[in-house]
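Inside the fold
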Amino acid sequence: MLKALRRQLVSALSERIAAMAQNPADETQPWIPSIEPAAEKPLELFVLCRNLDQLKAVLSFYSNGLCITPELDFATSGELQEACNWLQNCDRTALYALPRIHLAGEDPLGFYRKKMPIHGFLLRNLGALEAAEETGLAIHGDPCLNVRNRASAAFYLNAGLLTVEGANILEIPVQNQRVTLYRKPPLFHMRHCLFAQHLGRPRGCGQACQSHSLKLEDHRGQHHRLLPGPHCRNTIYRESPETFDAHLAILKGIRQLRIELTDEEAVERLLTEQCRQILSQTR
Ligand SMILES: [Zn+2]
């Protein structure tokens, strides 16, 4: 019985392999997304800003052929309000990065308020999805949602997200994908503030983490930046950035690209270089 089944299986597999060898294109076709012509949709570049200096550089930056949209990720409501005032003054809008975590009793939408010039969210925490959906604004998935296969992408897209970001997933429609070209990835996100812990103040650091900069040295001598977020929650970002080739993203047909700023000082130079790489692929 088993021998007969084995023979049937081997025979069926042999036929399948022979068919693939004769016509390989048909077998691979479902895995390759259709590439949109460059003229159909404008290229969009989203730039995540973590301080007002970075936002200022992004708002004053212009690149012919690219639509540039800021993403706001500020540690305090005061900075976010200032950023919103700037956006309103120059008639621009932005995406708002939702908190990485929120505890019971906290607003899952963080500092977001209705009249802000925001047209969408960057979702970094599944617990905020319902509240974000109720606003009716667009929702984009952050890389930290960890979309790694077709099933996880389908889950988020069916849950109402407009785009997700995955690891080179060919099966997701290109209009539902964004690609981050440059970022220093978060290594560790914590509920606590290192300053408060070091100062022996369990109830808070008294804004010490907002006014001081700190890098942590690892065993290899790399210096990773620590940045505060809302409620004094600290995140450590890797010193060396990870990058994605703009050529590959555009070749794939993706029209929504991103850059995440962390502690970069020469923002304009970084934007100029990234825009040059992007636009050189479209001409
Ligand atoms: Zn703090």
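Predicted, not measured: the structure shown is a model, and the values here were computed from it.

What follows concerns the overall build of the protein. From N to C terminus, the protein includes ten helices and twelve strands. Seen through its principal axes, the protein has C-alpha atoms that stretch 75 × 50 × 45 Å. Considering the protein as a whole, with its 283 residues, one finds that 31% of them fall into the buried category. Taking as baseline every contact in the protein between residues at least 6 positions apart, the subset at least 24 positions apart corresponds to 55%.

Strand pairing within a sheet occurs via backbone hydrogen bonds; the two strands may be parallel or antiparallel. Ordered in space as β5-β4-β3-β2-β1-β12-β6-β11, the eight strands form an open sheet in which the pairing is mixed. Lying at the two open borders of the sheet, with one neighbouring strand each, are β5 (138–141) and β11 (242–243). By the bridge criterion, five bridges tie strand β1 (residues 43–49) to strand β12 (residues 256–260) in an arrangement that is parallel. Following the sheet pairing, valine 47 is matched in β12 by isoleucine 259. Across the sheet, helix α10 (residues 267–280) lies against β1, β2 (66–72), β6 (179–183) and β12, angled at about 140° from β2, the strand it touches most.

Bringing the sheet that holds strand β7 (residues 186–189) into the picture now. Ordered in space as β7-β10-β9-β8, the four strands form an open sheet in which the pairing is antiparallel. The two strands at the open ends of the sheet, each matched to only one other strand, are β7 and β8 (214–217). Across the sheet, the axes of successive neighbouring strands diverge by a mean angle of 30°, strand direction being ignored. Looking at chain direction, β7 and strand β10 (residues 234–237) are connected through three bridges and run antiparallel. Bridge pairing in β10 places phenylalanine 188 opposite isoleucine 236.

Here we take up the pairing of β5. Relative to β5, strand β4 (residues 118–123) runs parallel, the two sharing four bridges. Across the sheet, the residue bridging to leucine 123 is glycine 141, located in β5.

Attention shifts here to the environment of valine 174. By the element assignment, valine 174 lies in the loop between α6 (150–158) and β6. Valine 174 sits in the partly exposed class, given 19 other C-beta atoms within 10 Å. For valine 174 and glycine 253, which are 79 residues apart along the polypeptide, the C-alpha to C-alpha distance reads 6.1 Å.

Two quantities define a packed helix pair, namely the angle between the axes and the distance from one axis to the other. Between helix α3 (residues 52–59) and helix α4 (residues 77–89), the least distance of the axes is 11 Å, while the angle of their chain directions is 15°. Comparing their axes, α4 and α3 come out roughly parallel. Remark: the crossing between α3 and α4 carries right-handed chirality. Across from Leu52, Leu55 and Leu59 in α3, the residues of α4 making contact are Glu79, Glu82, Ala83 and Trp86. Taken together, the residues of the contact of α3 with α4 sort by class into five nonpolar, no polar and two charged.

In this section: α3. Along an α-helix, a turn takes 3.6 residues, which lines up residues three or four apart on a common side. When α3 is considered as a whole, its buried residues turn out to be Gln54, Leu55, Ala57 and Val58. All buried residues of α3 project into a common sector of 160° when viewed along the axis, lining one side. On its buried side, α3 packs onto β1, β2, α4 and α10.

Alignment of β8 against strand β9 (residues 223–228), held across four bridges, turns out to be antiparallel. Counterpart to lysine 215 in the pairing with β9 is arginine 225. The turn joining β8 and β9, which pair antiparallel and follow one another in sequence, is formed by five residues; a positive phi near 85° is taken by glycine 221.

This part is about the domain arrangement of the protein. For the protein, the assigned domains are domain 1 (34–184 + 241–280) and domain 2 (185–240). Just the C-alpha atoms count here: the centres of domain 1 and domain 2 sit 23 Å apart. The interface is formed by 13 residues belonging to domain 1 together with eleven residues belonging to domain 2. Its residues assigned to classes, the side of domain 1 that touches domain 2 comprises four nonpolar, three polar and six charged.

Cut-off values and rules
- Residues numbered from 1 in each chain as written.
- Predicted model: local features only at pLDDT ≥ 70, side-chain atom pairs only at ≥ 80, totals over all residues.
- Helix = DSSP H or I, 4+ residues; strand = E, 2+ residues; numbered from the N terminus.
- Buried ≥ 20, exposed ≤ 12 C-beta atoms within 10 Å, placed from the backbone.
- Contact = placed C-beta atoms within 7 Å.
- Pairing = 2+ DSSP bridges.
- Axes fitted to C-alpha atoms, helices over the stretch in contact; angles between N-to-C directions.
- Parallel < 35°, antiparallel > 145°, perpendicular 65-115°, else oblique.
- Left-handed = near helix turned anticlockwise from the far one by under 90°.
- Nonpolar A, V, L, I, M, F, W, Y, C, P; charged D, E, K, R; others polar.
- Arc of directions from axis to C-beta.
- Domains from an automatic or database assignment.

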